[in-house]
Amino acid sequence: MRRVRLGFAGREVEFVDREQALRQVEDWVNRGMALPRVVYGREGCGKTAWLRQGAELLRELGFDVIYVNPIELAFTVELGVEDVRNKLLSLIREAISQIAWGRVVWSIIGIARSAIEAGTRKLAIIVDDAFQVIGIDKVAIYVKGLLGILEHPPASYDKVIAITATSEGVSRREIGRHLWARLIPMWNMIREGFEQLYEQLPGNKPDFEDVWRLTGGNPRILGELYEVNWVADKVISELINDKEITPDLIRKWANHLREAVGDPDYLWYNAPGELVDELVRRNLILFPLPSRDPDPVD
Ligand SMILES: Nc1ncnc2c1ncn2[C@@H]1O[C@H](COP(=O)(O)OP(=O)(O)O)[C@@H](O)[C@H]1O
Ligand SMILES: [Mg+2]
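Parameters and conventions
Residue positions within a chain follow its written sequence, with the count starting from 1. Chain letters start at A and ligand numbers start at 1, both assigned in the order the entries are written. Whole-chain, interface and lining totals are the exception, using all residues; otherwise, since this is a predicted model, local features are given only for residues with pLDDT of at least 70 and side-chain atom pairs are given and counted only at 80 or more. Side-chain metrics in this entry use all non-hydrogen atoms of the structure; hydrogen atoms and water are not considered. Any residue with a heavy atom lying within 4 Å of a molecule or strand is counted as near it. Side-chain atoms alone can form a polar contact between residues adjacent in sequence; in general such a contact is a pair of N or O atoms within 3.5 Å, and within protein one must be able to donate a hydrogen while the other accepts it. All accessible areas in this document rest on Shrake-Rupley with a 1.4 Å probe, and a residue is counted as covered only by the protein chains that are shown. Every helix listed is a DSSP run of H or I at least four residues long, and every strand listed is a run of E at least two residues long, numbered separately from the N terminus. Residue classes follow a fixed rule: Ala, Val, Leu, Ile, Met, Phe, Trp, Tyr, Cys and Pro count as nonpolar, while Asp, Glu, Lys and Arg count as charged, and any other residue, Gly among them, counts as polar. When accessible area is computed with a 1.4 Å probe and restricted to protein chains, residues below 20% of their type maximum are described as buried, those above 50% as exposed, and intermediate ones as partly exposed. Two residues qualify as a contact provided that any one of their heavy atoms is within 4.5 Å of a heavy atom in the partner residue. We define a salt bridge as a side-chain nitrogen of Lys or Arg found within 4 Å of a carboxyl oxygen belonging to Asp or Glu. Our arc is simply the arc of the directions from the helix axis toward the C-beta atoms. Here, axes are lines fitted to C-alpha atoms. For helices the fit covers the stretch in contact, and angles between N-to-C directions go from 0 to 180 degrees. An angle below 35 degrees is treated as roughly parallel, one above 145 as roughly antiparallel, one from 65 to 115 as roughly perpendicular, and anything else as oblique. If you view the pair so one helix is near and one far, a crossing is left-handed when the near helix is turned anticlockwise from the far one by less than a right angle, and right-handed when it is turned clockwise. In this description, strands pair whenever DSSP reports at least two bridges between them. One less than the residue count of a helix, multiplied by 1.5 Å, gives the span that helix is expected to have.

Caption draft 1: Quick look at the site of ligand 1. Taken together, 19 residues surround ligand 1, and among them Gly 7, Val 16, Gly 44, Lys 47 and Ala 49 come closest. Interatomic distance of 2.8 Å between a backbone N/O atom of Val 16 and a nitrogen atom of ligand 1. With respect to ligand 1, the side chain of Thr 48 contributes an N or O atom lying 2.8 Å from an oxygen atom. A total of 550 Å² of accessible area belongs to ligand 1 in isolation, and the protein chains cover 93% of it. Only strand 1 (5–8), strand 2 (11–14), helix 2 (47–60) and helix 10 (219–227) provide two or more residues apiece to the shell around ligand 1. Here the residues of the shell around ligand 1 sort into 10 nonpolar, 4 polar and 5 charged.

Set out below in structure tokens:
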């Protein structure tokens, strides 16, 4: 499989690691997909990178692939059916000029159906970070639209793979209330893979141990540390600003937060629900935390 090249910390790197996650894609191809998958995980943990590599893998396995990411203004459309492809491409072009990505995201469902109707037998639909543009309240209905493609296609198909990704803890709740998709967590990188990424950064670097401890294996935080010349306090104060961690908030929850920093399980068992909700809303934690199966079926 060709490894895709990705933007990382102002440079280009080769996709590394994630063997298990890529095997997962192959497994979906082999076994077929009865429910769309919604991949959720902390911002910057590597969802987009994996989906891009996954799109490449699927293409190599003979799939037509629709990949859109309205947040990064990125898309690839590899559809054999020319007029369906052209229709989607012109919608995307229009969206870029009018900042109307919500329309594109919604159109994907109809486009995918048209492609199947026109004879596409193997189709991958990958909608990355869509929920911010369509609105959290519409997430469930969107996922239901994807399920409709799998369950009630306009014509028969061999394989359809439908994946969306989100960092929004709230959207996960929306989806979890229905049984229209399977939610799968994505974690930060494992140590070996993360070290490969760290090795790709040039110049003087702090010890890997320190970087691992600071980032917990989150590639975006690694890139940010590199950009500010490893001054961790800068990244931390940016995070405080971006996440609106105000003095009021800290004053209100200081005791609980201190406990949680020492022992994250504290949030699970002992912290007030109101605090947990605040942290989920700011995408600072995933809650509830799914169990981490080293060999997941899905
Ligand atoms: N497996 C990987 N190999 C190389 N670079 C990666 C990998 N995973 C993530 N990155 C890089 O780390 C940064 C954050 O990852 P990204 O996929 O954008 O996270 P997410 O989509 O979960 O927010 C990006 O610059 C991405 O290119
Ligand atoms: Mg992303």
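Caption draft 2: Focus on the side chain of Glu 278. Here Glu 278 shows up in helix 14 (residues 273–281). On the basis of relative accessibility, which here comes to 17%, the residue Glu 278 falls in the buried class. In this view, Glu 278 contacts Leu 249 and Trp 253; residues no more than four positions away in its chain are not counted.

Caption draft 3: Spatial organisation of the pattern of salt bridges. Applying the stated rule across the entire model yields 19 salt bridges. Here Glu 12 and Arg 5 are joined by a salt bridge, their closest N and O atoms 2.9 Å apart. On the basis of relative accessibility, which here comes to 45%, the residue Arg 5 falls in the partly exposed class. Asp 248 is the partner of Arg 251 in a salt bridge, and the nearest nitrogen-oxygen pair spans 2.9 Å. Taken together, the residues Arg 251 and Asp 248, both in helix 12 (residues 247–262) and 3 residues apart, mark about one turn of the helix.

Caption draft 4: Up close: helix 8 (residues 191–199). Here helix 8 has its buried residues at Gly 193, Phe 194, Leu 197 and Tyr 198. Looking straight down helix 8, one finds that the buried residues subtend no more than 145 degrees of arc, so they occupy a single side.

Caption draft 5: Representation of the packing of helix 6 (residues 139–151) against helix 7 (residues 169–176) within the structure. One can describe the packing of helix 6 onto helix 7 by two numbers: an axis separation of 8 Å at closest approach and a directional angle of 60 degrees. The orientation of helix 6 relative to helix 7 falls into the category oblique. Seen from above, helix 6 lies across helix 7 with right-handed handedness. Taking contact as the criterion, the partners of Val 139, Ala 140 and Val 143 in helix 6 are, on helix 7, Ser 171, Glu 174 and Ile 175. Taken together, the residues of the contact of helix 6 with helix 7 break down into 4 nonpolar, 1 polar and 1 charged.

Caption draft 6: The pairing of strand 7 (residues 159–166), seen in detail. For strand 7, a buried count of 7 out of 8 residues is recorded, marking the element as mostly surrounded by other parts of the structure. In this sheet, strand 7 lies alongside strand 3 (residues 37–40) in parallel orientation, the contact comprising 4 bridges. Its bridge partner being in strand 7, Val 39 is matched across the sheet by Ala 165.

Caption draft 7: Quick peek at helix 2. Relative to the 20 Å expected for 14 residues at 1.5 Å per residue, helix 2 spans 20 Å between its end C-alpha atoms, a close match to the ideal helical length. Along helix 2, 10 of the 14 residues are buried, which leaves the element largely enclosed by surrounding structure. Every buried residue belonging to helix 2 is among Lys 47, Thr 48, Trp 50, Leu 51, Gln 53, Gly 54, Ala 55, Glu 56, Leu 57 and Leu 58, and all of these are buried. Looking at the buried side of helix 2, the elements it contacts are helix 1 (19–31), strand 3, strand 4 (64–69), strand 6 (122–128) and strand 7. Note on helix 2: the residue one or two positions beyond its end, Gly 62, has a positive phi of about 90 degrees.

Caption draft 8: Molecular detail of the packing of helix 12 against helix 14. Between helix 12 and helix 14, whose axes approach to 11 Å, the crossing angle comes to 110 degrees. Classified by the interaxial angle, the pair formed by helix 12 and helix 14 is roughly perpendicular. Of the two possible hands of crossing, helix 12 and helix 14 adopt the one that is left-handed. Taking contact as the criterion, the partners of Leu 249, Lys 252, Trp 253, His 256 and Leu 257 in helix 12 are, on helix 14, Glu 274, Leu 275, Glu 278 and Leu 279. The residue makeup of the contact of helix 12 with helix 14, split by class, is 5 nonpolar, 1 polar and 3 charged.

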